Structures are given as structure tokens and as C-alpha cells.
Amino acid sequence: MSTQIFNLPDLGEGLTEADLVNWLVEEGDTIAVDQPIAEVETAKALVEVPSPYAGTVLTLHGTPGETLLVGNPLITVGDETAQSSQQPGALDYREEEQAGMAVPDDDDESSGSVLIGYGTSGGGAAGRTRARKRPAATSNTQPDQAVATQKGRASRVISPIVRQLAKRNNIDVSQLTGSGQDGIIIRADVLAAMDAQNEAPQTTATTEAAHDQDARSGLAIVDRAPMTGVRKMVAEQMVRSRRTIPEATAWLDVDVTELIELRAQLKADNPETAPSLLALIARFTTAALRRYPVMNSRIVETDDGEEIVYFDGINLGLAAQTPRGLVVPAIEHAERLSARELATEIGELVAKARDGQCTPAELTRGTFTLNNYGVFGTDGAAAIINTPEVAILGVGRIMDRPWVVDGEITARKVTELTLSFDHRVTDGGTASAFLTAVADAMHHPTSALADL
């Protein structure tokens, strides 16, 4: 039997490793070209890896949770003799759904699966000969019952994010009843199982953890979480920023009553197209960056030393909290977009980030970051610069505060802007001028928009 060894490919941006989250096939399965075979998590995104070969799975190189190096073997595939009795398309819709596979369109000759380094090819997707491998059951179900359940029905989990959430929280998806369409297990089902698990007695876990004690505090250790994936990337990014950037911070309270009123008026005129407050602030930020381009620059190391690089355009990064950690996807050429267009781009990009679907380019192309930590109820914060950028603007929560207007104290809507900047690139005067430009536009938004 001839064999093909498929090595873990470069998943983009020169990443050298990835964590194996889950195998989507088992040894002995029959697979087709472009069929997803594994889920891996890089420092940038969660990725389904499709196979470039068709045939029988001979060897799976690695176990879930293991860190794999790019270029090392991922899977060994034998020739296609085992596929002769199973033609592409032989499984019906329900069987493919239960196997966790997306159903290709009948008129589409390729799977559509694309990964950096190689593309798709025709031929359609052959069905699996066995159910997808799952993490070991951790519920109170007896072993023989769990085996019977797995043989009786395949877990209907299509989303890799849902599978990953279940795996990381020790939820056996084979024991869940899906509330999605046609019984598909969705995120809400896993979250409900997590809540039930948290409410259940923890005597067994406590007894086991009692044997693992922290020497420094004397307390029992209940869990250990390796620093991997996005969390590892964020940690390295923050350490690099603190180590290399002489950071300074400026902040300014802003009366945004008129901005709130303008947003309310736009929403009343057309609720479907009204830009969000964040989109309006993003528009004011890009306008200020065009006036003060040094805030949108970057320091680059060269053979002759450091130099400041200026850009023809603004890729506006948006700090987004996701189930996988903090990421900063960026809108390309944000300066070309209106507030309404920015609202659409922000919504789509943040949704992709939360689903772990952003590309490495989207997560690394930013030239300036906007951080709306007000949504978490925070008044202000000295944010860490997203290196190699040179500044980050934070927006705190908007609240009612006493404010002097025309000599009279009245209640106004006030927020705090915080600007952290690289003091190697710019001084306090320019940074303060930029911050004031954004604040003035937020204070008198109608006038500012007329000038944009």
C-alpha cells in the first residue's frame, strides 16, 4: 500500500506551531480530498485543517492538547483502495450532519475548504466510515452506557467553536440533546450543561485535587490551564510592549451629550442604518489620525537603526474580548469609510473574531487601536499599546455627571478618553492635540461630521 504523509502546513504569518484541539477523523477512516481532518488553534485563530490526500487514515500524529510544529507529520494516509465501495455523495444529508460535516452543494465540484499553502480541488466529499472521535466522557454516565450512547447516535455538533467549548469544559457532547434546527447541538446547549455541571456536587474533584497542593499558599489546586493559543500570544505581546516601549498616558473627560442625542436622532430616522456610537467615535478617530499621522506610524528596526514608518492609510484595530481571549482585528483603510460603513465593518469583524474565524492578516494588520472598555463598566484604564503600533485610544463608560454649561451646573453625559502613546515617536504636545481633536469631535459631533 502506498502512503502519503501530510505535514502540518504553515497556517499563515510565519507561525511555527499550533495546538491540536481535536481530531475530526480516526485511524481507519476513509477520507476525501479537502475533508477536514483536525482542528488546530494557532496564536491567531481556530482553524480546520483539510486533507490534501484521499484514502485511508493510517496514523494520526499527535493527541488533543499537544503542540505541533509546522512541517512535522500531522497525518499518514494510505491509497484509495478502501474507498472503492463508497462513492462520493453516498451519505444522505442526515448522516453527514450527524458526522459533523457540512453538506456540499450538489452542483459544486469542490469542497470550498481553503487553507493557506494549498487550495481546493474537485471531486466532492466522501463519507466517513466511522463516527468522529470524541473526548472521554466525564459525566456520571456508566462506561457501558456511554459506549452504547456513542454507538447509538453521532453527536450533532457542526461548529468547531462549540466542540472546543465542550472539550475545554469537560462536557461529553454525546450526552447532550441539541436545541438547534434538526437537533444540532449549539453553544447554548453546552453552556447549559456547564451550568448544570457547576451546580453538581464537586466531592470527587475536591478529593482528587486535595492530592495536588500549592507549596507556597498551602491551598489545594483545583485546575491547571496551560498558556496556549491566543492567551499565549496576548501574554507575549503585552510583555514585548512593556519591555520595549517607553509608554506615556494622557486622559480627558468629554461631554458627549450631543453625541448621544445625534445617535438617538439617527436611530429614530432609520433604525437599520443608524451608526453605532463606536462607529461614530471610530470616524472621529480616523479623521484625527489623518491630521496627526505620527499617531498612526510604526517603529521599524533596520540595519542602520530604528526608523519611523508612515502609512498611506489607516488600518483601525478594535480590541475585542472573545471566548479565546483578547484579539485586535483591524478594518483595512478605515479612513475611506463613513460612520455607517464603519458600523457594518465593525459588526462583521467583531463577530468573526468571537467565532475564531479572523484571518492572521486581519489580526495583525492594524496601525492604530481603539479600545471600548466602557462596555465592561470601566470608567478608564491605561491600556497597553498593541506593539508594533505606537498608540491606543480607550473609551470609558458614558454616565451622568454634574457639568458646568454656560455657568450653570447641569447633568450631562460624560465619558473619559485615555490615550497611551510611545514617547519615542511623539511628545506630549502632539499626543494631547490628537486626543483633543477626538474629544472636540465627540463634544460637537454635528459640526465635526460636516467637516469630514
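Remember, it's a predicted structure, so these values are computed and weren't measured experimentally.

### Things to note about the environment of Ile186
Thought 1: Positionally, Ile186 belongs in the loop between helix H3 (160–168) and helix H4 (187–199).
Thought 2: Of the residues examined, Ile186 reaches a relative accessible area of 32% and is grouped as partly exposed.
Thought 3: Taking the C-alpha atoms as reference points, Ile186 and Arg163, separated by 23 residues in sequence, lie 9.2 Å from one another.
Thought 4: Beyond its immediate chain neighbours, meaning those up to four positions away, Ile186 contacts Val162, Ser179 and Gly180.

### As for the confidence of the model for the protein
Thought 1: The predicted model of the protein has a mean per-residue pLDDT of 78, with 75% of residues at 70 or higher.
Thought 2: The model gives residues 81–154 a pLDDT under 50, and that stretch makes 127 contacts with residues more than four places away or in other chains.
Thought 3: In this model residues 202–210 is a low-confidence stretch, pLDDT under 50, and it forms 5 contacts with partners more than four residues away in sequence or in other chains.

### Considerations on unusual backbone geometry
Thought 1: Of the consecutive residues Thr387 and Pro388, the connecting peptide bond is found in the cis state with omega at 10°.
Thought 2: If you trace the backbone, Pro388 turns up in the loop between strand S16 (368–371) and strand S17 (391–395).
Thought 3: Residues other than glycine seldom take positive phi values, yet Asp34 does so here, at roughly 75°.
Thought 4: Turning to its location among the elements, Asp34 is positioned in the loop between strand S3 (30–31) and strand S4 (36–41).
Thought 5: One non-glycine residue with positive phi stands out, namely His333, at about 50°.
Thought 6: Mapped onto the elements of the fold, His333 is located in the loop between strand S15 (330–331) and helix H9 (339–354).

About the cut-offs
- Residues numbered from 1 in each chain as written.
- Predicted model: local features only at pLDDT ≥ 70, side-chain atom pairs only at ≥ 80, totals over all residues.
- Heavy atoms only, no water.
- Helix = DSSP H or I, 4+ residues; strand = E, 2+ residues; numbered from the N terminus.
- Buried < 20%, exposed > 50% of the residue type's maximum accessible area, 1.4 Å probe, protein only.
- Contact = heavy atoms within 4.5 Å.
- pLDDT = per-residue confidence, 0-100.

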